[in-house]
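Below, each chain spelled out in residue letters.
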Amino acid sequence: MVDNKIDDSSIARINEEIEDVVAHDPSEQYLTFYIEDEIYGVDILSVQEIRGWEPATEIPNAPEYIKGVINLRGTVVPITDLRCRFGIKQFEYSGVTVVIIVKVQSGKSEKTVGIVVDAVSDVSNFNRSDIHPAPELSENINTAFVKGLGSAENKMVILLDINKLMNASDEADLSRVSQAISA
Amino acid sequence: MGIDLSQFHQVFFEESYEGLDVMESALLNLQPDTVDSETINEIFRAAHSIKGGSGTFGFTDVAEFTHVIETLLDEIRGGTRNITSEIVDLFLQAVDCIRKLIQQHDAGEPREIPEAVELKKIFEAILSGNVSGDESVSSPEQASSVSESDVQGEDGSSGHGWKIYFKPELDILRTGNDPLRMFRELESLGSLRITADVSQVPLIGSIDPEACYMAWELELDADVSKSAVDEVFEWVVDESELRIEPLSSDDAALETRSETTPDTEIEDKESEIKMELEPTPSTPASVSKPTETVPNSKKDPSKVEVSSIRVGIDKVDDLINMVGELVITQSMLGELGLDFTMENLPRLLEGIEQLSQNTRELQESVMRIRMLPISFTFSRFPRLVHDLSRTMNKKIELKLTGEQTELDKTVMEKIGDPLVHLVRNSLDHGIEMPEDRVQAGKPETGTITLNAFHQSGNIVIQIIDDGAGLNKAKILEKAIEKGLVSENDNLSDDQVHDLIFKPGFSTADQVSDISGRGVGMDVVRRNINELNGSVEVESTEGQGSVFTIRLPLTLAILDGQLIRVGEYVYILPLISIVESIQSFQGMLHRVVGGCDLLRLRNEYVPIIKLSSIFNIKSTAQDMDDGLLVVVEGDNMKVAILIDDLEAQQQVVIKSLEENYKRVDGVSGATILGNGTVSLILDIPGLIKLAGVQRYEYKVVNSGDDCAA
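Predicted, not measured: the structure shown is a model, and the values here were computed from it.

S.K.: Lay out the confidence of the model for chain B in plain terms, naming residues and giving numbers.
M.R.: All names here are of chain B. Residues at a pLDDT of 70 or more form 80% of chain B, whose mean pLDDT is 75. Counting contacts from residues 131–156, a segment whose pLDDT is below 50, to residues more than four positions away or on other chains yields 40 contacts. This stretch, residues 695–708, has a pLDDT under 50; its non-local contacts, to residues over four places away or in other chains, come to 22 contacts.

S.K.: For the interface of chain B and chain A, give the residues involved together with the corresponding values.
M.R.: Listed by partner, the interface residues are 22 residues for chain B and 22 residues for chain A. Approximately 1,800 Å² of surface area, both sides summed, lies buried where chain B meets chain A, with 56% of it carried by carbon and sulfur atoms. For chain B, the biggest contributors to the area lost against chain A are Asn659, Tyr660 and Val677 of chain B; these three give 39% of the whole. Counting the contacts that link chain B with chain A gives zero salt bridges. Counting the contacts that link chain B with chain A gives nine residue pairs in polar contact (both at pLDDT 80 or more). Contributions of two or more residues to the side of chain B that touches chain A are made by strand 21 (666–671) and strand 22 (677–681) of chain B. Ranked by residues supplied to the side of chain B that touches chain A, first place goes to strand 21 of chain B with three residues.

S.K.: An account of the nonpolar core is needed here, citing residue identities and associated values.
M.R.: In summary, soluble globular proteins display a tendency toward joint burial of nonpolar side chains. All names here are of chain B. Formed by 45 residues in total, the largest nonpolar core has its most connected members in Ile461, Ile463, Ile549 and Leu551. At eight residues, helix 16 (residues 409–430) tops the list of elements feeding residues into this core. Of all hydrophobic cores here, the second largest spans 42 residues; its members include Phe12, Phe44, Val68 and Ile83.

S.K.: Break down the packing of aromatic side chains for me, citing the residues and quoting the values.
M.R.: Evaluation of the coordinates by the stated rule reveals twelve aromatic pairs over all chains. Residues Phe12 of chain B and Phe13 of chain B carry aromatic rings whose centres are separated by 5.8 Å and whose planes lie at 50° to one another, so their mutual orientation is tilted. Given a relative accessible area of 5%, Phe12 of chain B falls into the buried group. Three or more aromatic residues joined by ring pairs make a cluster, and in this case those are Phe33, Tyr40 and Phe86 of chain A. Positioned above the aromatic ring of Tyr65 of chain A is the side chain of Arg85 of chain A, whose terminal nitrogen or guanidinium carbon lies 4.2 Å from the ring centre.

Cut-offs and rules
- Residues numbered from 1 in each chain as written.
- Chains lettered and ligands numbered in written order.
- Predicted model: local features only at pLDDT ≥ 70, side-chain atom pairs only at ≥ 80, totals over all residues.
- Heavy atoms only, no water.
- pLDDT = per-residue confidence, 0-100.
- Contact = heavy atoms within 4.5 Å.
- Buried area = accessible area lost by both parts, 1.4 Å probe.
- Salt bridge = Lys/Arg side-chain N within 4 Å of Asp/Glu carboxyl O.
- Polar contact = N/O pair within 3.5 Å; in protein donor to acceptor, adjacent residues only side chain to side chain.
- Helix = DSSP H or I, 4+ residues; strand = E, 2+ residues; numbered from the N terminus.
- Core = buried A, V, L, I, M, F, W, Y, C linked by side-chain atoms within 4.5 Å.
- Buried < 20%, exposed > 50% of the residue type's maximum accessible area, 1.4 Å probe, protein only.
- Phe/Tyr/Trp six-rings, centres within 6.5 Å; stacked < 30°, edge-to-face > 60°.
- Lys NZ or Arg CZ within 6 Å of the ring centre and 35° of its normal.

Right, here's the structure in full:
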């Protein structure tokens, strides 16, 4: 089981680190987080902030992984549950469930969306040479949104291309992806 | 100087658009054959500042084009040329061309526009026609000396170069003009020899360091037009002694040139002018184009829409005052909160009351900033009517009333196209040909009135024509043919007229066989509905029609009715609610395989169950536990089944599409007092989602008794 005891102070610390990184070195840095037992990473530059989970207003007839919309200081922001998006069994949201607010390029505009993850881990540096391309999988599995694979603390980190991931059509079946990659 | 001029581009574009609008309306006011010097001056000034600005920012195509127009205008201003309606038309085309040119720069992709090149040739031909028209053989110098203004008549190229004498006034440097910069600019045209005349420089003791005592003689070896040289000195021409002459060696060559032109070239050019002019009236499409392309190009997705509004300083001052009050209230409340005891409760309540008043006032003032008089939209119609009536050989007078009525800028931008459509429709199908009008005993000249006024929180825009009105029989015939209604339907006049807004009622090929309206009227209605507005038509055959558009004053705020289904709270636009019914047992009609109907007086209203179309849980076990809200949308009534009505409140509309996407049945979102998001329902969307067929249940025979 993942250690997801993340309290406000550690969120604040990570938020600080994000700011620091954005200000100094915009190279290959990723915010890593847990879903189930896997570690995923998103480009730190696309991350706006990290928030605790709060109930969202459901959108009628939306796909199951869209948990609804929340009020982020006056803007309406949709929340995607990545666990659900990847077809992993969902568990109850609690005070430690974390929402990562990311900015995503969609066509010519920029959208702000939230993703629900089990817990945030760290901000990690990846040298370009350390990032391996995603393995070629069978055709019916969509790996376009996997930028590559890295490793941190002897564990594999799946680095996500958040733009492709969030722009993938609702119908795209993203389940089994994590199993397929980590298999 | 390292100033990045591009930061001023947007301002220039906006000023130019305004200038063009001024030119356009002034041109339309111009009576041919009489020269109203004030109007001409107005046009001239607008053209001049566009030319000046475009020259400064390096939009040479605009500058060159405008220069030719300006020259002709100057001749008219100076009285050396009469204004004819042909010239006015040419000017109007020129205005369109300039607008296009500027739009292309605005979009960041300047291209050569063929019309502009042709039009410029026509203008040049007219101008050179004038030069040759003078009795004496005119050399360029003479031509330019005709006008005293800063604009020179001859726009020819010297072929070899120019000799320039430039003696600025003493304080030229203080006005921010740097001769060095101008010389550099000249140098970019060709090789430049400069001789400075320092004879006027006083003794060092009496030199004013900020004054310019020097004069220069410049020789420019470049095959450029005189206007290019003029342009360099554009800003200083009034503050200096400036002589621009062709280099002396070319004098002879030039003279022969100007002697040969009158006989041979001009005739050709004149026939060219006629050819250019003639096709215009016979091709309606080309005339109507400009007005259509303007809004289209705005929608171009590649263009980043940076729009701005000009706000009166008084409105801003109001805002500042109010923010000041808000700050005072805030500090008062802050102080109170630091050390709060129950005795202070009345003061706290008072403070909160003050805060809510401040907020309301602030909201109103901010809204007012976005409000613009509708004349911004109306102003394009005189041109449209002018052009269209000409191509259709109809006599039409356009009346504008209520131009000062204010509405939100976003609403205004979106209502432009539907309005153009409706006005064109009135022109095209409404107003009859002059002879038909006379036969019908009406004045030969038809009248179209555009009227705007405020009515209970809405803005109402009317398009009134005194034309033929809608042909009820033909509309019905067409509708029956299209299967929109059946022959047995007993429709009222209004219902028949309303058919023209039905999708599928008309397609392009029907324009000719139906004299009624209906070209894309469904699109007009859809566009207006999208703005939460409505459009209706009243018509009397033989007497004319009135199209009435109702729009909310602003798109940012909506009067909402909060409703609840299960644990979900949604918002219905208050304006769409007709009534709500609590006990409707006995009024229900269950239809097998269709949706349930509510019998409401003498009509059947389809019932939409929000819980089932949104797949949410309702607390009401049975339909009877719920509440029916009868709403009107997309021109039909439906009853929405909900659990309960909650509060009514003004809500600020937030876009769902901004970060998510369109959701069927939802027009937007808002944030409630408790900070949560609530969705605003979209009635036409709900109707579509529920799959309710329109008109299916519309009419009940009046012979039936109404169930109570």
